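A look at the structure
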Amino acid sequence: MNNSNKSVIDTGRKAAVFAACILFLFFIFGCAKQPKVFIKKLKNKNYQLIVNGRPFVVKGVCYNPIPIGKNHEYDWWSDSRKPWLVDGKLMKEMGINAIRLYQVPEDIGKVKTVIRDLYEKYGIRTIIGDWLGFWEYPCPLYGDVKFRERIEKQVLDMVNSLKDEPGVLLWILGNENNYSCIGTVNPWSSEEIDKEPDPQKQKGLRIKTYYSFVNEIAQKIHKIDPNHPVALGNGELAGLEYAKEAAKDVDLVACIIYRGKTFGNLFMSLKATFDKPILLSEFGADCYDAFLKKEDQNMQAFFLESQWRQIYENLAGQKRGAGNCLGGIMFEWTDEWWKHDDSNPDSWNVHDTISNWSNGSYYYDIRAEGNKNMNEEWFGIVSLSKNPDDGLDIRSPRRAYYAIREFWKNPNLNNKKKKAKSK
Amino acid sequence: MIKSNDLECQISNNETFVLIFVILILSFICNLSFDICHSYAEESKPNAAETLTKCICEGKTSQPVCLDELKDLYFKDNKYTDFVGLLKGICPENKTVEPAVNYYIAFARYSQLKYLEDVKNWDEYFAKGNEYRDDIVNCAQAALGATTSKDPLNIYSRLLLYQFHADQQDTFSEASLTELMSAVTGFAQSNGDMEVVRKIADKLIIYNESGKAKELYKIYALKLAGSDIKDAELRNITDKFYKDANLELAETIYDIYIERISKSLSKEKLISELTEVAKRFAYSNNAAADPLYAEKIFKKIEEAGGKESWSEELMYLRGFNLEKAKVFAQAKDVYTEFLKTFPKSSHADEVAYKSGVIFIYVLRDLKSGREYFEQLARKEALSPHVLAGLYQLGLLKQWEGELPAAKEYYNLLLEKMGNSDPDALAVIQERLSEINQGKPLEYNLKLGLDAALKEEFANLNMSKVSLESSRHLPEKGEEVAIHSVTSLGPTGCLQVELQYLWSGDLGITKPAITQSEFKTSYKTPGTKLINMVLVAPEGITDRNIDLIDVH
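Residues numbered from 1 in each chain as written. Chains lettered and ligands numbered in written order. Predicted model: local features only at pLDDT ≥ 70, side-chain atom pairs only at ≥ 80, totals over all residues.

Some remarks on the overall build of chain A
The test is simple: Helix and strand definitions here come from DSSP, where helices need a minimum of 4 consecutive H or I residues and strands a minimum of 2 consecutive E residues; each element is numbered from the N-terminal end. In this description, a residue-residue contact is defined by the distance between C-beta atoms placed from the backbone, which must lie within 7 Å.
From N to C terminus, chain A includes 11 helices and 15 strands. Contacts in chain A between residues at least 24 apart in sequence constitute 72% of all its contacts with a sequence separation of at least 6.

Some points on the overall build of chain B
In plain terms, the rule: Burial is judged by counting other C-beta atoms within 10 Å of a residue's own C-beta: 20 or more means buried, 12 or fewer means exposed, and anything between counts as partly exposed, with every C-beta placed from the backbone.
Per the secondary structure count, chain B includes 21 helices and 6 strands. Its C-alpha atoms give chain B principal-axis dimensions of roughly 95 × 95 × 60 Å. The 551 residues of chain B split such that 38% are buried. Once local pairs closer than 6 in sequence are excluded, the contacts in chain B between residues at least 24 apart make up 56%.

Concerning unusual backbone geometry
That bond from A:Phe331 to A:Glu332 is cis: its omega, 5°, falls within 30 degrees of zero. Positive phi is not limited to glycine here, since B:Lys326 has a value of about 65°. In this structure, B:Lys326 sits in the loop between helix H14 (312–324) and helix H15 (328–341). The backbone of B:Met462 sits at a positive phi, close to 65°, despite the residue not being glycine. On the secondary structure map, B:Met462 appears in the loop between helix H21 (443–453) and strand S1 (465–469).

Here's the deal with the nonpolar core
In plain terms, the rule: By convention the nonpolar core is taken to be a set of buried residues drawn from Ala, Val, Leu, Ile, Met, Phe, Trp, Tyr and Cys and joined through C-beta atoms within 7 Å. What counts as a domain boundary in this text is fixed by an automatic or database domain assignment.
Counting residues in hydrophobic clusters, the biggest one holds 139 residues, and the most contacted among them are B:Ala106, B:Ala140, B:Val197 and B:Leu216. Top element by residues in this core is helix H4 (residues 98–118) of chain B. It accounts for 11 residues. There are two domains that each give this core at least three residues, and those are domain 1 (29–146) and domain 2 (461–550) of chain B. Beyond its immediate stretch of four places on either side in the chain, B:Ala106 contacts B:Asp135, B:Ile136, B:Cys139, B:Ala140, B:Ala143 and B:Leu160. A:Tyr63, A:Cys181, A:Val214 and A:Tyr401 belong to the second largest nonpolar core, which has 109 residues in total.

Let's talk about helix H13 (residues 291–305) of chain B
All names here are of chain B. What counts, and what does not: Under the convention used throughout, the expected extent of a helix is 1.5 Å for every residue step, that is, one less than its residue count.
Between the first and last C-alpha of H13 there are 21 Å, a value that for 15 residues agrees with the 21 Å anticipated at 1.5 Å per step. Buried residues along H13 sit in contact with helix H11 (247–264), helix H12 (267–281) and H14. Of the residues trailing H13, Gly306 is marked for its positive phi of about 70°.

Some details on the sheet that holds strand S4 (residues 517–520) of chain B
In sheet architecture, strand pairing relies on hydrogen bonds along the backbone and comes in two forms, parallel and antiparallel. Residue and element names in this part refer to chain B. Convention followed: Each pair of strands is called paired provided DSSP finds at least two bridges between the two strands. Lines fitted to the C-alpha atoms define the axes, with helices restricted to the stretch that makes contact. Angles between their N-to-C directions range from 0 to 180 degrees.
One open sheet accounts for 3 strands, arranged S1-S2-S4; its pairing is antiparallel. Each having just a single partner strand, S1 and S4 make up the two edges of the open sheet. Along the sheet, successive strands turn relative to each other by an average axial angle of 15°, direction set aside.

Quick word on the packing of helix H2 (residues 83–94) of chain A against helix H3 (residues 108–122) of chain A
Residue and element names in this part refer to chain A. As a reminder of what qualifies: Helix crossings fall into two classes, left-handed where the near helix is turned counterclockwise from the far one by less than a right angle and right-handed where it is turned clockwise. Note on residue categories: nonpolar means Ala, Val, Leu, Ile, Met, Phe, Trp, Tyr, Cys or Pro, charged means Asp, Glu, Lys or Arg, and polar means any other residue, Gly included.
Following both chains from N to C, one finds H2 and H3 inclined at 35°, their axes separated by 10 Å at the closest point. Our pair here, H2 against H3, has a crossing hand that is right-handed. Only Val114, Asp117, Leu118, Lys121 and Tyr122 of H3 make contact with H2, whose side of the interface consists of Trp84, Leu85, Gly88, Lys89, Met91 and Lys92. For the contact of H2 with H3, the class distribution of residues is 6 nonpolar, 1 polar and 4 charged.

What to know about the environment of B:Phe107
Following the sequence through the fold, B:Phe107 ends up in helix H4. In the structure, B:Phe107 is positioned 54 residues away from B:Leu161 in sequence and 9.4 Å away in space, judged by C-alpha atoms.

Some words on the packing of helix H19 (residues 403–417) of chain B against helix H20 (residues 422–436) of chain B
Residues and elements named next belong to chain B. Quick note on the threshold: An angle below 35 degrees is read as roughly parallel, one above 145 as roughly antiparallel, one from 65 to 115 as roughly perpendicular, and any other as oblique.
Between H19 and H20, the least distance of the axes is 10 Å, while the angle of their chain directions is 155°. What the angle tells us is that H19 and H20 run roughly antiparallel. Like other packed secondary-structure pairs, H19 and H20 cross with a definite hand, here left-handed. Each of Leu403, Ala406, Lys407, Tyr410, Leu413, Leu414 and Met417 in H19 lies in contact with H20, whose residues at this interface are Ala424, Leu425, Ile428, Arg431, Leu432 and Ile435. For the contact of H19 with H20, the per-class residue count stands at 11 nonpolar, no polar and 2 charged.

Points about the sheet that holds strand S3 (residues 499–504) of chain B
All names here are of chain B. The 3 strands are arranged S3-S5-S6 in an open sheet whose pairing can be described as antiparallel. The open sheet has two edge strands, S3 and strand S6 (539–550), and neither has a second partner. For this sheet, the mean angle separating the axes of adjacent strands, direction not counted, is 20°. With 11 bridges connecting them, strand S5 (residues 526–536) and S6 associate as antiparallel partners. Its bridge partner being in S6, Val533 is matched across the sheet by Arg543.

Considering the interface of chain A and chain B
The partner chain B presents 38 residues to the 38 residues of chain A that form the contact. Of all the elements in the fold, those that place two or more residues in the side of chain A that touches chain B are helix H5 (178–182) and helix H10 (297–313) of chain A. Here the side of chain A that touches chain B takes 6 residues from H10(A), the largest share from any one element. When grouped by side-chain class, the residues that make up the side of chain A that touches chain B number 13 nonpolar, 15 polar and 10 charged.

Notes on the confidence of the model for chain B
Residue and element names in this part refer to chain B. Let me state the cut-off plainly: Per residue, pLDDT captures the predictor's confidence, and it can take any value from 0 to 100.
Per-residue confidence for chain B averages 87 on the pLDDT scale, and 91% of its residues sit at or above 70. Model confidence for chain B, summarised as mean pLDDT per element, is weakest for helix H1 (residues 4–58) at 53 and strongest for helix H16 (residues 348–362) at 97. Across residues 1–12 the pLDDT falls below 50, and counting only partners more than four positions away or on other chains, this stretch makes 1 contact in the model. Between residues 26–43, whose pLDDT stays under 50, and residues either more than four places distant or in other chains, the model counts 0 contacts. ipTM for the predicted complex: 0.77, alongside a pTM of 0.78.

Regarding the domain arrangement of chain B
Parsing chain B into structural domains produces domain 1 (29–146) and domain 2 (461–550). Look at where the C-alpha atoms of domain 1 of chain B and domain 2 of chain B centre, and you get two points 51 Å apart.

Brief notes about the environment of A:Ile207
Residue and element names in this part refer to chain A. Relative to the helices and strands, Ile207 resides in helix H7 (residues 199–224). Spatially, the C-alpha atom of Ile207 lies 15 Å from that of Arg148, the residues being 59 residues apart in sequence. Discounting residues that sit within four places of it in the chain, Ile207 has contacts with Asn178, Cys181, Gly239 and Tyr242.

So, the environment of A:Pro345
Checked against the element boundaries, A:Pro345 lands in the loop between strand S13 (325–330) and strand S14 (382–385). Expressed as a C-alpha distance, the spacing of A:Pro345 and A:Pro35, which sit 310 residues apart in the sequence, is 46 Å.

Observations regarding the confidence of the model for chain A
Of the residues in chain A, 90% reach a pLDDT of 70 or more, and the chain-wide mean stands at 90. Contacts for the low-pLDDT stretch residues 417–423 of chain A, under 50 throughout, to residues beyond four places or in other chains number 17 contacts.

Notes on H11(B)
Residue and element names in this part refer to chain B. Compared with the 26 Å implied by 1.5 Å per residue over 18 residues, the 25 Å span of H11 between its first and last C-alpha is a close match. Turning to H11, its buried residues are Glu248, Leu249, Ala250, Glu251, Thr252, Ile253, Tyr254 and Tyr257. Residues of H11 that are buried make contact with helix H8 (194–206), helix H9 (210–226), helix H10 (231–243), H12 and H13.

Listed below in structure tokens is the structure:
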């Protein structure tokens, strides 16, 4: 090899190394610029959740593993038997890729353990929520500066502590807090609102006050954590016509919907009122037939399968759906035996069959006495039974577990436009 | 020698044996024939299926009928999969039959899914549901692809797709309805069979798409009226639809019929015809009614004949119909006119009492309402409405705190009533005891009047709660179910604790504040006023009334 050839090769090598460096820098720069989790608006105006560069459909479940005999005050995070490990394994086998926690305890170390265990062992991500003081007594005062500051600090502290956990998927602010603005549940007011004589305008003022509070928190979360979207938790679509102005900085809406077989015109309605992506953050069906007074796992599976079908129809890229759905979170992983009568500890050991509320969309057992057909203690995808060895309550997957697992493997949406191959 | 009597007896015995023998033979034959029939029945399906298959494959004009019969043959035993299996292999050489076969496959799968859901056959539902749904969509679309909107098969395929999506309440239901409507309109314009249009409209009624159904009924009715059909014939067709309780279609054709006769009949005859139609649709306990449509016709009567066109009974019916439709303000206007025109009518007391109730409990006009009750109180002849009016006068005075005046009315009422109604007597004595003991007016009654008359409750407009009674014209002692329907907006799984404060004429029942509905009956005739105030956690939310006329 002569010198001129050597110099050509050297120059080539240098150029190749230089190009590789540039590419590497571009890669690093590109990765650093893109948040870990974000929502992408596609050219067709559909929305897609992107996690680590890939589209992600939330196949989630609400998680609150209260054992038999305990109530909501029970600190399951400190349970040495680590129920989330047993649950995470079952969830992974079903196809679940996210859990939703309504609120985390102050001891963030325990929360991190749960998030890490679920993510590292099973690839399950965690959606973290905050009640925004909804269950405080007296009722939440969203017009009160001190109340707002206290709740805001609580949320931002939580976000600061958890934002770097790789298992975190997104934040949900509030749950069904918008109903408190209507005045029928947990009603609240402020001096300004009380001055308004028209009850309809009062409602409007309350909703604007509440949504602008959520918006302020969302803005602050974005500053400290650009890597995770912030959702506005909302009961149904109630009040969202005000969110367009008052809550424009939230990234998505997380709706709680119990409409029976499907979600009706929910997705299109949202597109028309508040064009943000939607996550069904709580939906499902119970598995107790209040009319026939017996467990009916098939009824639950029937409703859930139908609900998932509509969620899939409205994901980005589907032909005729709204294209604004990011997925769903079923209510809930395990039954909770304390729910019917929280004030009576004896009843926490009994799987109560008395219904607390009525919903005609769940039509199989609507003929139950007083039309009360929704059994709060029977929403689990897995049932609980007492463990004779005093261990963790035994988990038994219900029919819905298998039906939804099969649906996720092969979602059938009946929207093909092809001719039948045979008659 | 056998005596004649013995012989007779022997003969008689022989006859008995013969008779028994004949019966045995007959029953054997009958059994045999039954077995023959039975085995024929067992074999008849394949035979019938073969015959029908042949008919389908030959592609004759009877082909649609044969397909429908073949479907019935399998559907009656819910053999949907067998039917689909048969169709999938049916006359492969005959391509003309393919669209119809595809439609029937889709229809069979649709019916099969409904059947599985009805009988809760969940194993098959979950295992095969997706496959069946694919069949519905793919085969219906294949049928669509091979036909045009001039073909009824195309329309029925679109209907099937709409029904499928509407049942699932999925994203495609709206679009499939639009496509169906556009296809049916095109079909009608191309002079397609109008019975197809009517059938589609009938189906849309079942799916609560009455607006769309009415559009199609109008197309159907206009085609019908545009033909050579005579008025009387048109009327007969309309009557038939009314009798079949297809009110939407009946109303659409009546509109066209009325338009026709308005031009051809004399004023008297026209009013007579309109009266008949109005009576038909006006409120009644039993018959199919549409009080708002009846009022539309009443307006036409007024337009045609002016004030002179009203007989006593017809004007009373108009007011009563409006009152039962809860169009109270208009009912009040008609009742006021009625009392002016027919002051001596047998309905006058009832109408005066109801006018008073409407003024006070609906229109918040205490002064005008009281005038009606005072008119009644001045009457010599007693009627249930005169007594009820007196009670209202006492009650209003008690509510206003004018206790001596209230007591005076109650005492006058006791004097006039005597012992004719022990239950009413007990109520009056309860009111008097409240006054005598310095107790406040019973809470629910007071709140009912507060909500109806006080300025601070002027925002309660009866829009958030309605009251419905199973019968508005019951007999004495007949059970009446009264229920409230609230519409307070969604609250998700956060249940709102509501209280129902019932007052007024509640009959033999005293419903608790937690009861949104109750059953009762009445021992005495007259108009019974039921009053309810709805209380939510934030306070009094709304109120409403209902009026029941006991005979």
